[in-house]
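Remarks on the overall topology
Given next are the chains, with one letter for each unit.
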Number of protein chains: 2
Amino acid sequence: MKDLTVAPRIIMTPGPVEVDPRVLRAMSSPILGQFDPLFTEIMQETMNMLKLVFQTNNRWAYPVDGTSRAGLEAVLHALIEQGDVVLVPVFGRFGYLLVEIATRLGAEVKVIERPWGTVFEPDEVVQAIRKFRPKVVAVVHGETSTGRMQPLADIGRACREYGAYLVVDAVATVGGVEVRTDDWLLDAVVAGTQKCLSVPAGLAPLTYNERVERVLESRKRVERGLWNLEEGAVPDAPRGSPILSNYLDLAQIQDYWGPSRLNHHTEATSMLYALREGLRLVLEEGLEARFRRHRQCEFILTEGLRAMGLALFGDPGCKLPVVTCVEVPPGIDSQSVRHMLLHEFGIEIADSFGPLKGRIWRIGTMGYSCRKQNVFALLGALGATLRWHGFPADTASALAAALHAAKKTEAWEDAAQGAAFPSSQRIREHLAGV
Amino acid sequence: MKDLTVAPRIIMTPGPVEVDPRVLRAMSSPILGQFDPLFTEIMQETMNMLKLVFQTNNRWAYPVDGTSRAGLEAVLHALIEQGDVVLVPVFGRFGYLLVEIATRLGAEVKVIERPWGTVFEPDEVVQAIRKFRPKVVAVVHGETSTGRMQPLADIGRACREYGAYLVVDAVATVGGVEVRTDDWLLDAVVAGTQKCLSVPAGLAPLTYNERVERVLESRKRVERGLWNLEEGAVPDAPRGSPILSNYLDLAQIQDYWGPSRLNHHTEATSMLYALREGLRLVLEEGLEARFRRHRQCEFILTEGLRAMGLALFGDPGCKLPVVTCVEVPPGIDSQSVRHMLLHEFGIEIADSFGPLKGRIWRIGTMGYSCRKQNVFALLGALGATLRWHGFPADTASALAAALHAAKKTEAWEDAAQGAAFPSSQRIREHLAGV
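Everything numeric in this text was worked out from a predicted model, so none of it was measured.

The rules behind the values
Counting restarts for each chain, with residues numbered from 1 along the sequence as it is written. Following the order in which they are written, the chains are lettered starting with A and the ligands numbered starting with 1. Local features in this predicted model are restricted to residues whose pLDDT is 70 or higher, and side-chain atom pairs enter the listing and the counts only when it is 80 or higher, whereas totals over whole chains, interfaces and linings include all residues. Side-chain metrics rest on all non-hydrogen atoms present in the structure, leaving aside hydrogens and water. Every residue pair with non-hydrogen atoms within 4.5 Å of one another is taken to be in contact. Criterion for a salt bridge: a side-chain nitrogen of Lys or Arg within 4 Å of a carboxyl oxygen of Asp or Glu. In protein, a polar contact means a hydrogen-donor-capable atom and an acceptor-capable atom, both N or O and within 3.5 Å, with residues adjacent in sequence counting only if both atoms are side-chain atoms; elsewhere, any N or O pair within 3.5 Å suffices. Note on conventions: DSSP H or I runs of at least 4 residues are helices, E runs of at least 2 residues are strands, and numbering of each starts at the N terminus. Think of it as three bins: nonpolar holds Ala, Val, Leu, Ile, Met, Phe, Trp, Tyr, Cys and Pro, charged holds Asp, Glu, Lys and Arg, and polar takes everything else, Gly as well. Least squares is the method used to superpose the copies, on C-alpha atoms of residues holding a pLDDT of at least 70 in both. Every residue gets a pLDDT, meaning the predictor's confidence in that residue, from 0 to 100. Comment: axis = line fitted to C-alpha atoms, over the contacting stretch for helices; angle = value between 0 and 180 degrees taken between N-to-C directions. Every angle not falling under 35 degrees, over 145, or within 65 to 115 is termed oblique; those three ranges are roughly parallel, roughly antiparallel and roughly perpendicular. Crossing handedness: left-handed means the near helix sits turned counterclockwise from the far one by under a right angle, and right-handed means the same turn made clockwise. Note on pairing: DSSP must find at least two bridges between two strands before they are called paired. Any residue under 20% of the maximum accessible area for its type is buried, any over 50% is exposed, and the rest in between are partly exposed; the area is computed with a 1.4 Å probe on protein chains only. Note that the domain bounds were set by an automatic or database domain assignment. Accessible surface is computed with a 1.4 Å probe, and the buried area is the amount of it that two parts give up when combined, taken over both parts together.

Thoughts on the interface of chain A and chain B
The interface of chain A with chain B comprises 81 residues on the first partner and 81 residues on the second. As a salt-bridge pair, D3 of chain B and R280 of chain A come within 2.8 Å of each other at their nearest N and O atoms. Between chain A and chain B we count 42 residue pairs in polar contact (both at pLDDT 80 or more) in total. At the level of elements, helix 1 (21-27), helix 2 (37-53), helix 3 (68-79), helix 4 (93-104), helix 9 (269-285) and helix 11 (334-345) of chain A are the ones that each hand at least two residues to the side of chain A that touches chain B. Sorting elements by how many residues they give to the side of chain A that touches chain B places helix 9 of chain A first, with seven residues. Here the residues of the side of chain A that touches chain B sort into 37 nonpolar, 21 polar and 23 charged.

Set out below in structure tokens:
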């Protein structure tokens with residue numbers, strides 16, 4: 001079996017994305033035992049940094065050892081018992097994933113839907129909450145399948161008013177776009193490592209508040225193999241029904257991350273090193289500056305794509321800043337274009353799913369991949385590839401527009417001096433008015 | 001936040017253990033997209049190597065993206081439906097874990113128990129299979145909590161005879177001790193990365209045969225978000241009940257690892273690089289040679305411990321070669337000894353769980369940690385530490401006996417020339433007779 005061979009790639013998909021070399025180096029550190037004080041200190045430091053990134057004062061923020069959907073499933077496991085009503089507003093593939101997980105857990109799932117490419121008016125969700133009185137509302141923040149972002153603050157208020165728990169899939173947004181866990185009254189938020197945090201896939205950082213913690217406490221079981229009967233250590237019988245999963249049992253995982261350090265799984269050592277380093281990079285850059293960088297790259301990319309003669313997919317008023325969806329021009333073979341980009345230029349962009357498969361390209365500008373040099377490289381490569389396929393792409397104008405946009409964002413950056421960055425829609429309006 | 005600081009450790013626990021620098025380096029390779037042909041080739045190569053390590057001709061062998069218990073839970077999810085009878089022979093903590101997982105899945109769990117420190121006579125399990133007629137028998141191969149190993153071949157034959165599926169937790173044994181998936185008629189086997197395979201924790205490699213695959217096919221659902229209704233791609237309704245977990249749904253994960261490459265989670269890129277490199281190292285060394293190395297280190301360690309004046313815990317006839325359990329001498333504070341070993345010598349050994357907590361030390365000789373230099377270092381450190389704590393450890397004799405044992409294994413190695421290696425019990429008998 002030959003040596004591991006990994007070609008250099010420019011990854012402009014909605015994940016997994018490129019990883020800062022500092023994160024890769026962190027993973028090459030030797031192993032520490034899971035209860036070594038040096039390791040539990042790393043756990044604690046990671047928890048502290050996660051709270052800053054989630055913008056929360058919650059007591060708990062830690063990763064589940066699995067990819068993003070493991071975190072989503074863990075949170076839904078924690079909150080859902082057989083027959084509970086769960087409301088899922090669906091506006092893309094990952095909404096259906098929440099439906100699927102909740103259904104498998106035995107929930108009575110109420111689905112409201114919006115056409116792919118749009119999001120909900122907050123009031124539509126609030127009305128559904130009034131109507132169905134769900135125990136849990138589960139919603140996607142950044143829907144990568146359609147490149148849309150759902151505003152959450154009004155939904156958070158309504159959930160608190162009607163006594164529902166609000167679970168948010170912020171896999172695509174945390175680390176690239178504002179996610180205000182506390183301000184928006186989000187009860188549980190799940191992130192992904194392989195997107196805007198720019199850490200390899202394999203962990204699902206999450207946070208939850210005291211409301212969720214009380215549910216966990218009521219359902220907590222201690223593993224039988226950990227009882228010491230001679231010391232009479234049979235735990236009290238819990239009030240709530242058992243959580244259906246052992247691996248994704250947040251009540252037990254919390255005890256592993258908490259001061260009691262009760263053994264559960266063996267924490268994924270090297271991945272935790274990577275997450276710690278990735279979070280350090282996020283905080284060194286600063287959240288505000290990082291969000292601005294993502295807005296700037298989006299602006300450069302979208303200005304270039306428009307000048308090339310391509311149409312963006314979906315409602316611009318709710319565009320997800322870190323994923324740009326482009327309509328495949330009529331008569332162009334979507335897969336053939338992606339194939340040429342990868343094999344001639346070493347650049348990866350994504351297809352979509354279900355009804356949008358083959359109809360749009362999804363271009364991610366996330367985390368370490370979100371660099372203007374990547375955007376320029378993509379625009380040149382895409383223009384040439386489209387020409388090869390017979391579409392009259394205006395590559396020269398695209399690159400000129402992108403460079404112009406980059407210069408504008410620099411000037412704008414000088415003026416911003418740390419102020420909150422507006423949406424790219426507003427930037428465009430602003431610049432059009434100048 | 002300071003730079004990641006990881007002290008060098010000698011890890012002599014039952015996992016996570018030290019990792020070969022080649023594996024650490026592999027993880028520092030850049031990210032590839034999950035459908036990049038270079039990456040799917042790495043997936044395929046990993047699958048091929050896993051089959052060799054599991055000693056199987058099964059069609060499927062791949063990791064679940066989670067730690068070992070995620071793999072166990074995934075296999076039990078696949079096979080168990082509400083009300084199914086599951087037999088679990090328990091002889092330590094990890095047997096209880098199987099009970100717990102199966103119970104949470106709604107199985108009617110039948111438990112037979114043996115005192116910790118022993119294993120079952122195969123016929124005891126066969127009788128229980130006859131009595132309870134389980135759909136699934138779930139059993140631990142190497143029980144690290146007690147350092148015992150359960151023979152499986154007779155249980156495999158009985159399961160086939162009575163139509164039960166045999167699920168084996170081989171987390172502690174694969175890569176260090178013989179695990180003959182096909183010869184022993186094991187229907188599903190789950191390994192761990194962080195033990196004898198010497199890869200960081202975070203993946204659970206597993207394999208299953210056609211019998212299990214047929215169950216998966218009957219329960220398979222395609223995610224709603226992947227349907228393309230305009231192309232009429234609504235999948236046929238499956239016959240079996242849904243698998244309760246989406247994340248651990250082997251029917252869906254299999255479609256991701258198979259030729260259809262249907263999107264499920266995002267494969268943990270860097271961890272897969274690590275697993276691939278770890279498996280390469282296993283196969284370069286050769287399974288037979290690797291198993292011998294583990295027996296040799298066990299022999300050196302146990303000869304040293306005896307000469308030091310310590311008693312081994314448990315029935316020697318079923319000792320797990322890769323974990324040696326030592327009785328804590330009366331009056332000695334188990335935790336204080338472990339603390340001194342870690343903080344003065346940089347050596348980690350483990351406590352146990354439940355009724356054995358504080359009563360035995362568990363010393364692992366697994367994978368890359370299984371080196372005679374580690375064993376010598378531990379014996380010297382443990383002898384000095386025990387003296388410090390007031391126990392009259394004979395450190396000089398321990399080291400002399402260990403060195404003598406090492407030389408014996410060298411001579412024996414020369415004579416073996418690839419022959420199957422006997423148990424350390426038999427080695428001791430053999431050497432005593434010489």
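Topic: the relation of the copies chain A and chain B
Superposition record for chain A on chain B: RMSD 0.0 Å, screw rotation 180°, translation along axis 0.0 Å. What the rotation and shift describe, once combined, is the action of a two-fold rotation axis. For chain A, the residue whose C-alpha comes nearest the rotation axis is G66 of chain A, separated from it by 2.4 Å. The share of interface residues of chain A whose copies in chain B are also at the interface is 100%, consistent with both copies meeting through the same surface.

Focus on the confidence of the model for chain A
Keep in mind that low pLDDT regions are not for reading the predicted coordinates in detail. Looking at chain A as a whole, the pLDDT averages 94, with 92% of positions reaching at least 70. Interface confidence in the predicted complex, given as ipTM, is 0.94; pTM for the same model is 0.95.

Some details on the packing of helix 10 (residues 287-308) of chain B against helix 12 (residues 372-388) of chain B
Residue and element names in this part refer to chain B. Axis separation between helix 10 and helix 12 bottoms out at 10 Å; the angle between their running directions is 15°. It follows from the interaxial angle that helix 10 and helix 12 lie roughly parallel. Our pair here, helix 10 against helix 12, has a crossing hand that is right-handed. On helix 12, the residues touching C297, I300, L301, G304, L305 and M308 of helix 10 are K372, V375, F376, L378, L379, L382, G383 and L386. A class-by-class count of the residues in the contact of helix 10 with helix 12 yields eleven nonpolar, two polar and one charged.

Structural notes on the sheet that holds strand 3 (residues 85-90) of chain B
Residue and element names in this part refer to chain B. Read across the open sheet, the seven strands follow the order 2-10-9-8-5-3-4; overall the sheet is mixed. Every interior strand has two partners, whereas the edge strands, strand 2 (60-64) and strand 4 (108-113), have only one. Across the sheet, the axes of successive neighbouring strands diverge by a mean angle of 20°, strand direction being ignored. Across five bridges, strand 5 (residues 136-140) lies against strand 8 (residues 165-169) in parallel orientation. Within strand 8, the residue paired with V140 across the bridge is D169. Contacts from helix 2 (residues 37-53) reach strand 2 and strand 10 (204-208), with the element oriented near 110° to strand 2.

Quick look at the environment of L186 of chain B
All names here are of chain B. Position of L186 among the secondary structure elements: in the loop between strand 8 and strand 9 (188-190). Look at L186 and you get buried, because its relative accessible area is 1%. Sequence separation between L186 and I155 is 31 residues; the distance between their C-alpha atoms is 8.9 Å. Every residue in contact with L186, bar those within four places of it in the chain, is listed here: L152, L166, V168, V179, R180, T181 and N209.

Focus: the domain arrangement of chain A
Residue and element names in this part refer to chain A. The domain boundaries assigned to chain A delineate domain 1 (20-281) and domain 2 (287-433). Each of domain 1 and domain 2 has a C-alpha centre, and these two points are 30 Å apart. Facing 29 residues of domain 1, the contacting portion of domain 2 comprises 27 residues. For the pair domain 1 and domain 2, the two sides together bury roughly 2,100 Å², of which 63% comes from carbon and sulfur. In this assembly, domain 1 and domain 2 are joined by zero salt bridges. Across the contact surface, domain 1 and domain 2 share ten residue pairs in polar contact (both at pLDDT 80 or more).

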